[in-house]
Amino acid sequence: MGPLLMIRPRVLGGEHLYADRKERHDIPINLSETMQEQDDYTIELPSGYAVDEIPDPVKLDLGFASYESSSIVKDHTLRYTRTYTVREVTLPADKYPDVQKLSGVIAADEQNKAVLKKQ
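Residues numbered from 1 in each chain as written. Predicted model: local features only at pLDDT ≥ 70, side-chain atom pairs only at ≥ 80, totals over all residues. Heavy atoms only, no water.

Examined against the element boundaries, Val105 turns out to sit in helix α1 (residues 96-111). Classification of Val105 as partly exposed rests on a relative accessible area of 24%. Along the sequence, Val105 and Lys59 sit 46 residues apart, while their C-alpha atoms lie 9.2 Å from each other. If we skip the residues at most four places from it in the chain, Val105 touches Val58, Leu60 and Tyr67. (Helix = DSSP H or I, 4+ residues; strand = E, 2+ residues; numbered from the N terminus. Buried < 20%, exposed > 50% of the residue type's maximum accessible area, 1.4 Å probe, protein only. Contact = heavy atoms within 4.5 Å.)

The next thing to look at is α1. The end-to-end C-alpha distance of α1, which contains 16 residues, comes to 23 Å, matching closely the 22 Å that a straight helix rising 1.5 Å per residue would cover. The secondary structure elements touched by the buried residues of α1 are β2 (29-30), β5 (58-61), β6 (65-74), β7 (77-86) and β8 (90-91). (Expected span 1.5 Å × (residues − 1).)

The next subject is the packing of aromatic side chains. In this structure the tally under the stated criterion is 2 aromatic pairs. Where Tyr41 meets Tyr80, the ring centres are 6.5 Å apart and the plane angle is 20°; that geometry is what we call stacked. In this pair, Tyr41 sits in strand β3 (residues 35-44) while Tyr80 sits in strand β7, placing the two residues 39 residues apart along the sequence. Here Tyr41 and Tyr80 have matching classes, each one buried. (Phe/Tyr/Trp six-rings, centres within 6.5 Å; stacked < 30°, edge-to-face > 60°.)

These values are about where atoms sit, not about what they do.
Have a look at this one:
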């Protein structure tokens, strides 16, 4: 893209939260397990480039689960951190909209990009 270079701070893997249920919405939701996953990536910026734009921080706590991420630039590196916590395994069916919201936030964050500009 000319003098711009885009990178995705979330470089490996992904959290796939199944939130496109087609079955009845009166069935409890199963999140499989309680857990906490933390990621911390440090990316050295290519020489001749500076950060023009980084993704906004994300923070969402829905009680049964939370998700938080941030990107910070320091000393010619981009550091991405995130924490995903699931506190409850089984949720009542009326929590389905919250599960969809969490799924959407995670998917959007995993696709966010930092924009680097040639100096």
